[in-house]
Amino acid sequence: MTFFRQYVAPFLIILIFLVALVFVSIRAFLPSDMAAPAPIDDLVFLIETVNLN
């Protein structure tokens, strides 16, 4: 258990952090139209289709 707590758990935490950092940083190099947030119209259509309101 101490091996997991001292070596494996910190490695997994750092690995997850680095992967998230890389994916967030990649957005800076995407074309401007791909880096924009998703349009809200699709979400409104989905809500109306499923009748979640």
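Model, not experiment: these values are computed from the prediction.

Engineer: A description of the overall build of the protein should follow, citing residues and the corresponding values.
Structural biologist: A tally of regular secondary structure across the protein gives 3 helices and 0 strands. The helix and strand sequence of the protein, counted from the amino end, reads α-α-α. Across the 53 residues in the protein, those meeting the buried criterion constitute 2%. Of the roughly 5,200 Å² of accessible surface on the protein, 75% is carried by carbon and sulfur atoms.

Engineer: Explain the packing of aromatic side chains to me, using residue names and the numbers behind them.
Structural biologist: Within this structure, the stated rule accounts for 1 aromatic pair. Centre to centre, the rings of phenylalanine 3 and tyrosine 7 are 5.3 Å apart; their planes meet at 40°, and the pair counts as tilted. Of this pair, phenylalanine 3 and tyrosine 7 both sit in helix 1 (residues 2-26), 4 residues apart, roughly one helical turn. Judged by its relative accessible area of 56%, phenylalanine 3 falls in the exposed class. Taking relative accessible area as the criterion, tyrosine 7 reaches 52% and is therefore assigned exposed.

Engineer: Can you tell me about a nonpolar patch on the surface, naming the residues and giving the values?
Structural biologist: Together, Met1, Phe4, Phe11, Leu12, Leu15, Val19, Val22, Phe23, Ile26 and Leu30 make up a nonpolar patch on the protein surface, roughly 970 Å² of accessible area in all. Here leucine 15 shows up in helix 1.

Engineer: Please give an account of helix 1 that cites residues and values.
Structural biologist: What sets the pattern is the α-helix's 3.6 residues per turn: residues three or four places apart point alike. The terminal C-alpha atoms of helix 1, which comprises 25 residues, lie 36 Å apart, in line with the 36 Å expected from a rise of 1.5 Å per residue. Maximum bend of helix 1: about 30°, positioned at valine 8, with proline proline 10 one to four residues after it.

Engineer: Describe the confidence of the model for the protein, naming the residues involved and giving the relevant values.
Structural biologist: Scored by pLDDT, the protein comes out at a mean of 80, with 66% of its residues at no less than 70. Ranking the elements of the protein by mean pLDDT puts helix 2 (residues 32-35) last, at 64, and helix 1 first, at 94.

Calculation notes
Residues numbered from 1 in each chain as written. Predicted model: local features only at pLDDT ≥ 70, side-chain atom pairs only at ≥ 80, totals over all residues. Heavy atoms only, no water. Helix = DSSP H or I, 4+ residues; strand = E, 2+ residues; numbered from the N terminus. Buried < 20%, exposed > 50% of the residue type's maximum accessible area, 1.4 Å probe, protein only. Areas by Shrake-Rupley, 256 points an atom, 1.4 Å probe, with all protein chains shown as cover. Phe/Tyr/Trp six-rings, centres within 6.5 Å; stacked < 30°, edge-to-face > 60°. Patch = residues over 30% accessible without salt bridge, like charges linked within 9 Å, V, L, I, M, F, W, Y side chains within 5 Å. Salt bridge = Lys/Arg side-chain N within 4 Å of Asp/Glu carboxyl O. Expected span 1.5 Å × (residues − 1). Bend = angle between axes of the 7 residues up to and from the residue. pLDDT = per-residue confidence, 0-100.

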